[in-house]
Amino acid sequence: SNYHKEAVMKKAILMMTFGSPEEITFEGVADFFTNIRRGVRPQDHEIQTLYDNYVLIGGTPLQRITREEVALVEAKLGNEYSVYFANKFSRPFIPDVIGQMEADGIEQCICLILEPHYSFYSVMGYEKFLESKQIQFLVIKDWYQEEALLNYWADEIGKILKEEVKQDSFKVIFSAHSVPIFALDFGDPYIDQIFENSKLVAEKLGLSSEQYTNTWQSESDIGIPWIKPDVLEYLREQKEHPDHYIFVPISFISEHIEVLFDNDVECYDLCQEFGVNYHRPPMPNTDSRLIDALVNTVRANEHQEFKEFLPEEETFDELVPSDETKNILAESQDLQMPEFVKKLIEKKGRENVKMPYLIKKMLEKAGKLPKE
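Residues numbered from 1 in each chain as written. Predicted model: local features only at pLDDT ≥ 70, side-chain atom pairs only at ≥ 80, totals over all residues. Heavy atoms only, no water.

K.L.:
Just checking my understanding: could you explain the packing of aromatic side chains for this structure?
P.N.:
For any pair of aromatic rings, geometry is given as the distance between the ring centres together with the angle between the planes. All chains considered together, the criterion is met by ten aromatic pairs. Where Tyr 152 meets Trp 153, the ring centres are 5.3 Å apart and the plane angle is 80 degrees; that geometry is what we call edge-to-face. Taken individually, Tyr 152 and Trp 153 each receive the classification buried, so the pair is uniform in this respect. With a centroid separation of 5.8 Å and 85 degrees between ring planes, the pair formed by Phe 174 and Tyr 212 is classed as edge-to-face. Taken as a pair, Phe 174 in strand S5 (residues 170-177) and Tyr 212 in strand S6 (residues 212-217) lie far apart in primary sequence, 38 residues in all. (Phe/Tyr/Trp six-rings, centres within 6.5 Å; stacked < 30°, edge-to-face > 60°. Buried < 20%, exposed > 50% of the residue type's maximum accessible area, 1.4 Å probe, protein only. Helix = DSSP H or I, 4+ residues; strand = E, 2+ residues; numbered from the N terminus.)

K.L.:
What am I meant to see in the pairing of S5 here?
P.N.:
If a strand is regular, its side chains alternate between the two faces of the sheet. Among the eight residues in S5, seven count as buried, and that is most of the element. Bridge count between S5 and strand S7 (residues 244-249): six bridges; the pairing is parallel. Paired with Phe 170 across the strands is His 244, a residue of S7. Here six bridges tie S5 to S6, and the two strands are oriented parallel to one another. Note on S6: the bridge partner recorded for Ser 175 is Thr 215. (Pairing = 2+ DSSP bridges.)

K.L.:
Where do I start with unusual backbone geometry in this structure?
P.N.:
A cis amide bond, omega -5 degrees, links Arg 91 with the succeeding residue Pro 92. Here Pro 92 shows up in the loop between strand S2 (82-87) and helix H5 (94-103). Of note, Lys 166 is a non-glycine position whose phi angle comes to about 50 degrees, a positive value. One can find Lys 166 in the loop between helix H7 (147-165) and S5. At Ser 218, a position not held by glycine, the phi torsion is positive, near 65 degrees.

In structure tokens, the structure reads:
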């Protein structure tokens, strides 16, 4: 009677996001920052800077917005699934929520990560906490191609173009959270996904290649090189500016510090300095188009295979300490990389593991890669 067992299988959706300080105090920010750094407390001056930034933007709405997103998804799917919420770096922590799910008798869990793109630095960071003897998991790797989400961005950018830019000159700057350069060595799909996502939105808007560009933002100083151009460096390097810059932080879906400070304060200040109008479409937050994209993502994936998840075999430490990264792009050392990447490199040779053309050129220019 397999059929009967299927009927009573207890299924859950676990929605996860990055986390936020639990209180905006120096120690509250220190605890959160220490979690991000895997238990190593940053220096006081680093904590102070982050604390000051949170104070400047009046705290962060990420947890409130995310809980509303979770409630809206639950309203649509709650009679089929129990819906849970966890953070990677603040309470409720993923392992604690998995414990709760086990106590509730859950046997299968769809992991819906509230970041639309797959990166070893983001999604794999969630995967390393998925451990359970009882629950089988299905991790949705990416969902940036969801039509409802693409339409959201195209509509919101379109409004700015129509109502505020009108006939003036403009540039749309798609930005995404930067990743360390050695993501390239691992063939991290994230970089290509960001370019692809930008292109899909630009095509919906009918933008020419001169009317938009890709930059990176929010890199952190952990002693390793990051993907460039950083959005602030990009702005400073321009010899001429259009009348309007429209900043589109497409690697995020909710308002939080990366957007409210890194875009709305830092990019805004530079625009003021250059006499350019600053625009940023609102983040999707709890917009019905985002909720549709999340529900459609579950629907598109729910019949895939659930499996026992073995984090130690399927993830790796994406924050390799800096001394190991000094020669990261040199041929020599055996990097700490997941098995599937080692196999890929054995099969193809490191020089053949795919690297986006633009990044390759950028690295050559920076002297990080030998010119071909």
